[in-house]
Amino acid sequence: SGVSQGASVVARATGFVVGAAAFEHRDRILRLDLRRHGRAIALLLAIPYLVSVAFVAGWFSGNVSSLAAAWERVGEVRWLPFYFIYFTTEYNAIYSTIVHLFLYAPVGVAVWLWTPRGIEVSPWLAALVGSAIAAVAEAGKLFVPPRHPDPTDVLIAAVAAGLTAAIL
């Protein structure tokens, strides 16, 4: 049921090499106090993370519309939750859901890293931050036709970020 792609081969080979290198340095990795260095790690990874969110949202895939054109497209937004999941194939629905779960789970990790030791991590804060990032990403799709904003992705982002923070 899979399709062989060159990118898949490269990704698997990279994962193999990174895994082997990480195993050799496992003692140093285990000694790293993530909670102590968490804020620095979260800040360091924030920009690449936000760029990847914009990339998945399709911000770099076409001509950017004007604010007036984007405002006209607001009327086309389907505000009903799970609208696009209902009106697509099962494969596309599952694929989109999994992509967005994994895309916004790092927000829960970042909130966990940002929270000082001894203070309980708030899954609600993670859910709020994740949904805010997703709302901006989805709103940005108004500027990149033919992409369409999906409010369901905001809900998925909240669940992914909040659940990840709660697990950590």
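Residues numbered from 1 in each chain as written. Predicted model: local features only at pLDDT ≥ 70, side-chain atom pairs only at ≥ 80, totals over all residues. Heavy atoms only, no water.

1. Structural notes on helix α6 (residues 90–114)
Part 1 of the argument: Taking 1.5 Å as the rise per residue, α6 with 25 residues should run 36 Å; its terminal C-alpha atoms sit 37 Å apart, in good agreement.
Part 2 of the argument: Buried residues of α6: Ala93, His100, Leu103, Tyr104, Ala105, Val107, Gly108, Val111, Trp112 and Leu113, and no others. (Helix = DSSP H or I, 4+ residues; strand = E, 2+ residues; numbered from the N terminus. Expected span 1.5 Å × (residues − 1). Buried < 20%, exposed > 50% of the residue type's maximum accessible area, 1.4 Å probe, protein only.)

2. Some remarks on the packing of α6 against helix α7 (residues 123–140)
Part 1 of the argument: Where α6 contacts α7, the axes come no closer than 9 Å and their chain directions differ by 135°. Taken together, the axes of α6 and α7 lie oblique to each other. The two elements α6 and α7 meet at a crossing, and its hand is right-handed. Along the contact surface, α6 presents His100, Tyr104, Val107, Gly108 and Val111, while α7 presents Leu125, Ala126, Val129, Gly130, Ile133, Ala134, Ala137 and Glu138.
Part 2 of the argument: Taken together, the residues of the contact of α6 with α7 sort by class into nine nonpolar, three polar and one charged. (Axes fitted to C-alpha atoms, helices over the stretch in contact; angles between N-to-C directions. Parallel < 35°, antiparallel > 145°, perpendicular 65-115°, else oblique. Left-handed = near helix turned anticlockwise from the far one by under 90°. Contact = heavy atoms within 4.5 Å. Nonpolar A, V, L, I, M, F, W, Y, C, P; charged D, E, K, R; others polar.)

3. Considerations on the nonpolar core
Across soluble globular proteins, nonpolar side chains show a tendency to be buried alongside one another.
Part 1 of the argument: Core analysis: the biggest nonpolar cluster contains 17 residues, and Tyr49, Val53, Tyr104, Val121, Ala126 and Ala137 have the highest contact counts within it.
Part 2 of the argument: Elements supplying a minimum of two residues to this core: α3 (38–57), α6, α7 and α8 (151–167).
Part 3 of the argument: Among the elements that line this core, the one with the most residues is α6, at six residues.
Part 4 of the argument: Here Ala126 is in contact with Val107, Gly108, Val111, Ala161, Gly162 and Ala165, once residues within four sequence places are set aside. (Core = buried A, V, L, I, M, F, W, Y, C linked by side-chain atoms within 4.5 Å.)

4. Here we look at the packing of aromatic side chains
Part 1 of the argument: According to the stated counting rule, one finds one aromatic pair in the structure shown.
Part 2 of the argument: With centroids separated by 6.1 Å and ring planes inclined at 15°, the aromatic side chains of Tyr91 and Tyr95 adopt a geometry described as stacked. Pair noted here: Tyr91 and Tyr95 are both in helix α6, with a separation of four residues, about one helical turn. In this pair, the class of Tyr91 matches that of Tyr95, namely exposed. (Phe/Tyr/Trp six-rings, centres within 6.5 Å; stacked < 30°, edge-to-face > 60°.)

5. Regarding the packing of α3 against α6
Part 1 of the argument: The geometry of α3 relative to α6 is characterised by a closest axis approach of 9 Å and an angle of 160° between their N-to-C directions. By the angle between their axes, α3 is roughly antiparallel relative to α6. Of the two elements, α3 crosses α6, and the hand of that crossing is left-handed. Taken together, the residues of α6 that come into contact with α3 (itself represented by Gly38, Arg39, Ile41, Ala42, Leu43, Tyr49, Ser52, Val53 and Val56) are Val99, Leu103, Tyr104, Pro106, Val107, Ala110, Leu113 and Trp114.
Part 2 of the argument: In terms of residue class, the contact of α3 with α6 is made up of 14 nonpolar, two polar and one charged.

6. Examining a nonpolar patch on the surface
Part 1 of the argument: Nonpolar side chains collect at one region of the surface, where Ile94, Ile98, Leu101, Phe102, Val159, Leu163 and Ile167 lie side by side and expose about 720 Å² of accessible area between them.
Part 2 of the argument: Among the elements of the structure, α6 and α8 are those that each provide at least two residues to the nonpolar patch.
Part 3 of the argument: Sorting elements by how many residues they give to the nonpolar patch places α6 first, with four residues.
Part 4 of the argument: Its place among the elements puts Val159 in helix α8. (Patch = residues over 30% accessible without salt bridge, like charges linked within 9 Å, V, L, I, M, F, W, Y side chains within 5 Å. Areas by Shrake-Rupley, 256 points an atom, 1.4 Å probe, with all protein chains shown as cover. Salt bridge = Lys/Arg side-chain N within 4 Å of Asp/Glu carboxyl O.)

7. Quick notes on α3
Along an α-helix, a turn takes 3.6 residues, which lines up residues three or four apart on a common side.
Part 1 of the argument: Taking 1.5 Å of rise per residue, the 20 residues of α3 would be expected to cover 28 Å, and the 27 Å separating its terminal C-alpha atoms lies within 8% of that figure.
Part 2 of the argument: In the core, the buried residues of α3 are packed alongside α6 and α7.
Part 3 of the argument: Positive backbone phi, approximately 90°, marks Gly58, located one or two places after α3.

8. Considering the confidence of the model for the chain
Part 1 of the argument: Summary statistics for the chain give a mean pLDDT of 82 and a share of 86% for residues scoring 70 or more.
Part 2 of the argument: Taken element by element, the predicted model of the chain shows its lowest mean pLDDT in helix α4 (residues 67–73) (65) and its highest in α8 (93). (pLDDT = per-residue confidence, 0-100.)

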